[in-house]
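# Structural overview
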Amino acid sequence: MSDVTFPVTGMTCAACARTIERTLQKVPGVQEASVNLATNRATVRFDPSHADVSDFAKAIRDVGYGVLEQPAEGTVEDLQEKAHQEEYRGLRRKLIVAIVFTVPLLAIAMPHLDFPGVNLVQLALALPVVAYCGAQFYRSAWQAIRHRNADMNTLIALGTGAAFLYSLVATIAPRLVMTSVHTDGVSHAPPVYYEVTTAIITLVLLGRVLETRAKGRTSAAIKRLIGLQPRMARVIRGDVELEIPIADVVQRDVVVMRPGERLPVDGEVLEGRSTVDESMLTGESLPVEKGPGAAVFGGTVNQTGGFRFRASRVGRETALQQIIKLVQDAQAGRAPVARLADVISFYFTPIVLCLAIATFVIWFDALPPGQRLTMALVNFVAVLIIACPCAMGLATPTAIMVGTGRGAERGILIKSSEVLERAQAITTVVFDKTGTITTGRPEVTDVIPLGATSAEEVLALAAGAERGSEHPLGAAIVRAAETQGLKLTDATNFEALPGRGIEATVGSRRLLIGNQRLLAEREIDTGSADESVARLTWAARTVMYVVDLEGRGNQRSAPEVLALIGLADTPRPEAARTLRRLKDLGLELVMLTGDHQATADAIAHEVAPRGEIDRVIAGVLPDRKAEQVKKLQAEGKVVAMVGDGINDAPALAQADVGIAIGSGTDVAIEASDITLIRADLGGVVEAMALSRRTLRVIKQNLFWAFVYNVLGIPIAAGVLYPFTGWLLSPMIAAGAMSLSSVSVLANSLRLRNA
């Protein structure tokens, strides 16, 4: 099976999207089809041996909608943006024309001005509005009827068309609709409703203009991401520096960067140093230092210096393009909560048509001859107009668009809309320890001198000796010394002792640096250090002994233990704060680790001193982590797994929601549902909070869309009239219908500030 996503034009409501979905599902070879009203995109899963995109485009055009195809130049996104702008300008132009003719028409009709030819004047003012401004509704309604469908345009066309045709007959042949002779014995001309027709079209156009503008803002995050990639790149070909289109950059090209320029593709720095602003990619506000060997990413901004880098990923393989695709896929999907709206919208329009007809029949039958036709017609129109299901179709996709877009801006990539719904239901969060709660690399935590030598001197000696070592513990000692700005002396006579330590000469000292096993082999007395060793071991530190093999007397003496160095995989700086915030959200927290229980408990106490971690599960082999997640799910818990390594991938896939931190492996990121681009645990809290806010907005939108129709239709039908004398004017119904769509969009846009 293959998947393809392409832009669709001409949709105005949920019923349109549903019609296109049903049409695509009938194409041979199609397994699944989904249409998103907010993004105006269709996604199809199909068997390429039975169908292709041209078949889908033909099927969609046959039912009255359009498809944007890949242009010869530029991208589909550019073409879709151009189409969106043209649609907006066209709607605005029609709105202006409608206002110009509707305002004087209302000025005549509302005060009931009466002068010779008044109805002909109203007809002349109404014709441009109906024929030009409202033509799109009538064309779309006709297409829908031809294919035995009904949508929002059907309701608008029937409502305004009925009012206009009645008024036209009353103007040209009034006797055909004359229903009464007044008590003065004079026959009066029947009333006309041109102002109702034009006001409805004007208000619907106003709502459509506001809606189109707001829909453009819901996709602002994607537009910003797409806009990050420059059009041109400067590369070295042979000995010549060339400026070429970004599409022509190939792997292993050497790209030249100058201060202030945006990187065109991903790669690795070859020469030069600079700082790069990666904020739009990771959400991290501080610029990142880059030097030879450092990874750089397309779309980020070079700030201070010039450098050259070798292109490693180009075109759609770059990190930026992968992020854009991930966000687009998430926005194109449909959350389970939206299925109710889909089902209702499918049956909604036919039901409304039946209710409108019933309203007309009841009013026509209940009223005396002098009033029944006009009253029945007005209420018939009001029911059709107020019931337009625009808000229902926009309730879910607009919130998902804004929510996932906002997440991308914050360095949180959500793979699908279903993930958003699952994430807000999480009850338990499981953390892998190494590389997730901790940094994943050892750091020096303690330097304890045991003699006259100071801690700084011991650290400088040890770092000098370890410079020749490739062991992670040795690298940690060197980093600690460099961080403190200590002056290091290069070692001589270096010898690595695998699994135990090293031996080297630094200056005049012959040093042995290693573990307890190494000192036992050399029969070196460690009695003076036992108390400190016990304390460090209890605190889950790895202990390294620093020994001067020749002592410090003028004459050769027994080896002297100079100091102990404690090392540990230290917690991330934000770990304690993150765990506390998650606990405040009412979540159960679990830590998984392969370490011994004592080490695991020590780390748990350090990052969760108030007992935020509910369970510490130690001694878990890498291939058993998924089993632990299964056990929690068997207890009825909805589990999120946070990890970063290859051995976390099965657990990430098993969890209800897998969250991979961006410092992790590609395998872990591929297996996860949410990816945190930054290596920052705080993103877990942000992802949880964003999913909860997005689902809350979706439910608010659906509630108001449903309540609006549930309350609006009976009022328009006149249910309250026998008790209160209230009737709903079709003009007010049109304004309320437009306002409902705009209010749903405005509510979704609040997520941009989340």
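Each helix and strand counted, the protein has 27 helices and 26 strands in total. For the protein, the proportion of its 754 residues judged to be buried stands at 52%. Here the protein displays about 33900 Å² of accessible surface, and carbon together with sulfur accounts for 56% of that area.

Spatial strand order, β16-β21-β20-β19-β18-β17: six strands in an open sheet with antiparallel pairing. Each of the sheet's edge strands pairs with one partner strand only, and the pair in question is β16 (438-449) and β17 (491-497). Ignoring which end each strand starts from, the neighbouring axes of this sheet average 20 degrees apart. Against the sheet, helix α17 (residues 472-483) touches β16, β20 (542-548) and β21 (560-571), its axis set at about 65 degrees to β16.

Glancing now at unusual backbone geometry. Here the phi dihedral of N493 falls at roughly 55 degrees; this positive angle occurs in a residue that is not glycine. Tracing the backbone through its elements, the reader meets N493 in strand β17. With a phi angle near 55 degrees, E523 is a residue other than glycine that sits in the positive phi range. Residue position: E523 is located in the loop between α18 (516-521) and α19 (530-538).

To continue, consider the environment of L592. When you line up the elements, L592 lands in strand β22 (residues 588-592). For L592 and F431, which are 161 residues apart along the polypeptide, the C-alpha to C-alpha distance reads 6.0 Å. Setting aside residues no more than four positions away along its own chain, L592 makes contact with V430, F431, D432, K433, I617, V620, K625 and Q628.

Attention now moves to the packing of aromatic side chains. In this structure the tally under the stated criterion is nine aromatic pairs. Measuring from centroid to centroid gives 5.8 Å for F164 and Y194, while their planes differ by 65 degrees, and the two rings are edge-to-face. Placement of F164 in helix α6 (residues 152-172) and of Y194 in helix α7 (residues 194-218) is noted, with a sequence separation of 30 residues between them. Neither F164 nor Y194 differs from the other in exposure class; each is buried.

As a further point, take a positive patch on the surface. A surface patch of positive charge is lined by K82, R89, R92, R93 and R213. Here the element with the most residues in the positive patch is helix α3 (residues 76-109); it accounts for four residues. Note that R92 resides in helix α3.

Okay, the pairing of strand β6 (residues 240-245) next. Where strand β5 (residues 232-237) meets β6, six bridges bridge the pair, whose relative direction is antiparallel. Considered in β6, the bridge of V235 is made with L242. Hairpin connection, β5 to β6: the antiparallel pair is bridged by two residues, and G238 has positive phi, about 70 degrees.

Adjacent strands of a sheet pair through backbone hydrogen bonds, lying either parallel or antiparallel. Spatially, β6-β5-β7-β13-β8-β11 is the arrangement adopted by the six strands of the open sheet, whose pairing is antiparallel. Edge positions in the sheet fall to β6 and β11 (295-296), since each has one partner strand and no second. Bridge analysis of β5 against strand β7 (residues 254-257) gives two bridges, and the strand direction is antiparallel. Counterpart to I236 in the pairing with β7 is V254.

On to α17, then. A rise of 1.5 Å per residue sets the reference length of α17, with its twelve residues, at 16 Å; its end C-alpha atoms lie 16 Å apart and thus fit the reference within 8%. Every buried residue belonging to α17 is among L473, G474, A476, I477, V478, A480 and A481, and all of these are buried. The inward-facing, buried residues of α17 contact β16, α16 (455-466), β20 and β21. One or two positions beyond α17, positive phi appears at G485, with a value near 70 degrees.

Let's shift gears to the side chain of R541. Relative to the assigned elements, R541 resides in the loop between α19 and β20. Here T445 takes part through its side chain, which lies 2.9 Å from a polar atom of the side chain of R541. Apart from residues lying up to four places away in sequence, R541 is in contact with T445, D446, L536, G566, L567, A568 and E606.

Further remarks concern the pattern of salt bridges. Applying the stated criterion across every chain, the model contains 28 salt bridges. E503 is paired through a salt bridge with R522; the nearest N and O atoms lie 2.8 Å apart. Of this pair, E503 sits in strand β18 (residues 501-506) while R522 sits in the loop between α18 and α19, placing them 19 residues apart in sequence. Notably, a salt bridge pairs R615 with E635, separated by 2.8 Å at the nearest N-O pair. On the criterion of sequence distance, the pair formed by R615 in strand β23 (residues 615-617) and E635 in the loop between α22 (625-634) and β24 (639-643) is long-range, its members being 20 residues apart. The exposure class of R615 is partly exposed, given its relative accessible area of 27%.

The subject of this paragraph is α16. Across its twelve residues, α16 extends 16 Å between first and last C-alpha, which sits within 8% of the 16 Å expected from 1.5 Å per residue. Most of α16 is tucked away, with nine of its twelve residues classed as buried. Among the residues of α16, V458, L459, A460, L461, A462, A463, G464, A465 and E466 are the ones counted as buried.

A few words now on the pairing of β20. Walk down a regular strand and you will see the side chains alternate between the two sheet faces. The element β20 is extensively covered by neighbouring structure, given that six of its seven residues are classed as buried. Judged from the four bridges that link them, strand β19 (residues 509-514) and β20 form a sheet pairing that is antiparallel. In the strand pairing of β20, L511 is matched with D548. Sheet topology note: the β20/β21 ladder contains seven bridges and is antiparallel. Opposite V546, over in β21, you have A563 as the bridge partner.

Turning to the packing of helix α12 (residues 372-386) against helix α27 (residues 730-749), a few remarks are in order. Direction vectors running N to C along α12 and α27 enclose 0 degrees, while the axes themselves pass 8 Å from each other. Accordingly, the angle class assigned to the pair α12 and α27 is roughly parallel. Seen from α12, the contacting residues are V378, V381, A382, I385 and I386; seen from α27, they are P730, A733, A734 and M737. The residue makeup of the contact of α12 with α27, split by class, is nine nonpolar, no polar and no charged.

A few words now on the environment of D277. Along the chain, D277 falls in strand β9 (residues 274-277). Since its relative accessible area comes to 23%, D277 is described here as partly exposed. Put simply, D277 and P287 are ten residues apart on the chain and 4.5 Å apart in space, counted from C-alpha to C-alpha. Discounting chain neighbours no more than four positions away, the residues touching D277 are P287, T300, V301 and Q303.

The subject of this paragraph is the side chain of Q628. Relative to the helices and strands, Q628 is located in helix α22. For Q628, a relative accessible area of 17% gives the class buried. Sequence-distant contacts of Q628, defined by excluding residues within four places in its chain, comprise L592, I617 and V620.

About the thresholds
- Residues numbered from 1 in each chain as written.
- Predicted model: local features only at pLDDT ≥ 70, side-chain atom pairs only at ≥ 80, totals over all residues.
- Heavy atoms only, no water.
- Helix = DSSP H or I, 4+ residues; strand = E, 2+ residues; numbered from the N terminus.
- Buried < 20%, exposed > 50% of the residue type's maximum accessible area, 1.4 Å probe, protein only.
- Areas by Shrake-Rupley, 256 points an atom, 1.4 Å probe, with all protein chains shown as cover.
- Pairing = 2+ DSSP bridges.
- Axes fitted to C-alpha atoms, helices over the stretch in contact; angles between N-to-C directions.
- Contact = heavy atoms within 4.5 Å.
- Phe/Tyr/Trp six-rings, centres within 6.5 Å; stacked < 30°, edge-to-face > 60°.
- Patch = residues over 30% accessible without salt bridge, like charges linked within 9 Å, V, L, I, M, F, W, Y side chains within 5 Å.
- Salt bridge = Lys/Arg side-chain N within 4 Å of Asp/Glu carboxyl O.
- Lys, Arg positive; Asp, Glu negative; His and termini not counted.
- Charge placed at Lys NZ, Arg CZ, Asp CG, Glu CD.
- Expected span 1.5 Å × (residues − 1).
- Polar contact = N/O pair within 3.5 Å; in protein donor to acceptor, adjacent residues only side chain to side chain.
- Parallel < 35°, antiparallel > 145°, perpendicular 65-115°, else oblique.
- Nonpolar A, V, L, I, M, F, W, Y, C, P; charged D, E, K, R; others polar.

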